[in-house]
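Residues per chain, in single letters:
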Amino acid sequence: MEKDLYIMGIETSCDETAVAIIKNGTEIVANVVASQIESHKRFGGVVPEIASRHHVEQMTIVFEEAMQQANLSLNQLDAIAVTEGPGLVGALLIGVNAAKAIAFAHNIPLVAVHHIAGHIYANRLVEEMKFPSLSLVVSGGHTELVYMKEHGHFQVIGETRDDAAGEAYDKVARVLNLPYPGGPHIDRLAHEGEPTIDLPRAWLENDSYDFSFSGLKSAVINTVHNFAQRGEEIAPENLAASFQQSVIEVLVTKAVRAAKEYEVKQILLAGGVAANKGLRAALKEAFLKLPTVELVIPPLSLCTDNAAMIAAAGTIMYEKGQRADLALNANPGLDLEIHN
Ligand code: KG4
Ligand code: ZN
């Protein structure tokens, strides 16, 4: 019988301090996430210095809780996988240094993971991955369509040219005086309203798979100002519904077109915006009409930042023989395709 493989994941790229351990690539044996959202709320967004300080305070506690949940000793871990980037440099550094310290002290191999690879591999915790696949990555920092011909091989076929989808949600929420992070609030409001306001959709030139959300964001801000100038009340639920419809229509249309063109077997949803109820429903409806493509949507807890996804991606990197050494540094601008 083959020995079980235990990989620890460490994630600190933004405002979640997370440590997880997974067994044989797919089974979660520990998954601890300490969110800092409450500390950043009053600033309307993540404050990098505050994020770093919280990571320092939380790291040991979260690590010890994960070890306790898993009921393992450190010498049973086969590798420590850590988010190398992209993200906030000061935040990433805490995770990278924690991982290096554990790896060095206990002589455990170290594996560096791309944050988006992690988001994509959250899907492997719920469904066996089939190739070729297409991932729709929608988070606070990224909006990408990623083609994979095999495990660990990422090709970005489309990405945002300005704001990420989650960023657009958070900025529009601010205009509507909703708390940070605004995505869930817009999502909730959108279901109470009707898309009565005409807003643009950025399809971009030559059937591009790229995205752009800054024009839509500006259109929302202009609409709010125009209503105010005319002394009219704007129904926030209708504005939210109109905004959400515009975002979802572009995301789903491009995902369907790419899935057909690249003849993929699976479409994987990834990133914090994957929690959006409207997006989940629209994707389900669209891919019902495309039965050759299996749609996989992870549960909400695996869509937002967590370390189980980092351990899942780390397992693949580990099995492919990738190792980082103790010179590993945080890389806030890390390229996904470099892992090819
Ligand atoms: O992946 P994530 O946790 O962090 C990043 O790596 O960026 O994504 C966070 C983003 C935030 O912008 C948040 O507003 C958005 O995901 N989000 C949502 C929803 N839940 C979270 N956006 C739209 N609808 C939601 N239900
Ligand atoms: Zn993320």
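Attention in this report is confined to the structure presented alongside it.

Rules used in this analysis
- Residues numbered from 1 in each chain as written.
- Chains lettered and ligands numbered in written order.
- Predicted model: local features only at pLDDT ≥ 70, side-chain atom pairs only at ≥ 80, totals over all residues.
- Heavy atoms only, no water.
- Helix = DSSP H or I, 4+ residues; strand = E, 2+ residues; numbered from the N terminus.
- Buried < 20%, exposed > 50% of the residue type's maximum accessible area, 1.4 Å probe, protein only.
- Polar contact = N/O pair within 3.5 Å; in protein donor to acceptor, adjacent residues only side chain to side chain.
- Contact = heavy atoms within 4.5 Å.
- Near = heavy atom within 4 Å.
- Areas by Shrake-Rupley, 256 points an atom, 1.4 Å probe, with all protein chains shown as cover.
- Domains from an automatic or database assignment.
- Pairing = 2+ DSSP bridges.
- Axes fitted to C-alpha atoms, helices over the stretch in contact; angles between N-to-C directions.
- Donors = N, O, S within 2.8 Å, 3.2 Å for Na, K, Ca; no water.
- Salt bridge = Lys/Arg side-chain N within 4 Å of Asp/Glu carboxyl O.
- Core = buried A, V, L, I, M, F, W, Y, C linked by side-chain atoms within 4.5 Å.

1. Things to note about the side chain of Asp-78
Phase 1: Here Asp-78 shows up in the loop between helix 2 (48-70) and strand 4 (79-85).
Phase 2: Given a relative accessible area of 14%, Asp-78 falls into the buried group.
Phase 3: Among the polar contacts made by the side chain of Asp-78, one reaches the side chain of Lys-3 at a distance of 3.1 Å.
Phase 4: Beyond its immediate chain neighbours, meaning those up to four positions away, Asp-78 contacts Lys-3, Asp-4, Leu-5, Tyr-6, Ile-7, Ile-108, Pro-109 and Tyr-318.

2. Things to note about the site of ligand 1
Phase 1: The full set close to ligand 1 counts 19 residues, and Gly-140, Asp-170, Asp-187, Gly-272 and Asn-276 are the nearest of them.
Phase 2: With respect to ligand 1, the backbone of Gly-166 contributes an N or O atom lying 3.2 Å from an oxygen atom.
Phase 3: Between an oxygen atom of ligand 1 and a main-chain N or O atom of Gly-183, the distance comes to 3.1 Å.
Phase 4: Its free accessible area being 550 Å², ligand 1 has 88% of it covered by the protein chains.
Phase 5: Composition of the shell around ligand 1 by domain shows at least three residues from each of domain 1 (6-121 + 303-339) and domain 2 (130-297).

3. Concerning the side chain of Asn-306
Phase 1: On the secondary structure map, Asn-306 appears in the loop between helix 10 (300-303) and helix 11 (308-319).
Phase 2: A polar atom in the side chain of Asn-306 sits 2.8 Å from the backbone oxygen of Thr-304.
Phase 3: A polar contact is formed between the side chain of Asn-306 and the backbone nitrogen of Met-309, at a distance of 2.9 Å.
Phase 4: Not counting residues within four places of it along the chain, the set of residues in contact with Asn-306 comprises Glu-11, Ala-18, Asn-31, Val-33 and Ser-301.

4. Digging into the sheet that holds strand 5 (residues 110-114)
Phase 1: One open sheet accounts for five strands, arranged 3-2-1-4-5; its pairing is mixed. Edge strands, defined here as strands with exactly one partner in the open sheet, are strand 3 (27-35) and strand 5. Between one strand and the next, the sheet's axes are offset by a mean angle of 20 degrees, whatever the strand orientation.
Phase 2: Those strands touched by helix 2 are strand 1 (6-11), strand 2 (16-23) and strand 3, and its axis lies near 25 degrees from that of strand 2.
Phase 3: On the sheet, helix 3 (residues 89-106) packs against strand 1, strand 4 and strand 5 and is oriented at approximately 155 degrees with respect to strand 4.

5. Section: the coordination of the zinc ion (ligand 2)
Phase 1: Only His-115 (NE2), His-119 (NE2) and Asp-305 (OD) from the protein coordinate the zinc ion (ligand 2), and they sit 2.0 to 2.1 Å from it.
Phase 2: Read in sequence order, the donor residues for the zinc ion (ligand 2) give the motif H-x3-H-x185-D. Residue His-115 is found in helix 4 (residues 115-121), and its partner Asp-305 is found in the loop between helix 10 and helix 11; the two are separated by 190 residues along the sequence. For the pair His-115 and Asp-305, one class covers both residues: buried.

6. A few points about the pattern of salt bridges
Phase 1: Considering all chains together, one arrives at ten salt bridges under this definition.
Phase 2: Among the ionic pairs, Asp-4 bridges to Lys-23, the shortest N-O distance being 3.8 Å. Separated by 19 residues along the polypeptide, Asp-4 in the segment before strand 1 and Lys-23 in strand 2 bring together distant segments of the chain.
Phase 3: For Asp-4, a relative accessible area of 31% gives the class partly exposed.
Phase 4: Residue Arg-161 pairs with Asp-210 through a salt bridge whose shortest N-O separation is 3.0 Å. In this pair, Arg-161 is assigned in the loop between strand 8 (155-159) and helix 5 (165-175) and Asp-210 in the loop between helix 6 (183-190) and helix 7 (214-229), connecting sequence segments 49 residues apart.
Phase 5: Residue Arg-161 is classed as partly exposed on the basis of its relative accessible area of 42%.
Phase 6: Where salt bridges share partners, they join Asp-163, Glu-167, Lys-171 and Lys-217 into one cluster.

7. Points about the nonpolar core
Phase 1: By size, the foremost hydrophobic cluster in this structure holds 53 residues, and its most contacted members are Leu-136, Leu-145, Ile-186, Phe-243, Leu-279 and Phe-287.
Phase 2: Residue assignment for this core shows that the elements contributing at least two residues are strand 6 (133-138), strand 7 (143-148), helix 5, helix 6, helix 7, helix 8 (236-261), strand 9 (266-270) and helix 9 (277-288).
Phase 3: The biggest single contributor to this core is helix 8, with 13 residues.
Phase 4: If sequence neighbours within four positions are ignored, Leu-279 has contacts with Val-138, Ile-248, Leu-251, Val-252, Leu-269 and Val-273.
Phase 5: With 36 residues, the next largest nonpolar core counts Ala-79, Val-113, Val-296 and Ile-310 among its residues.

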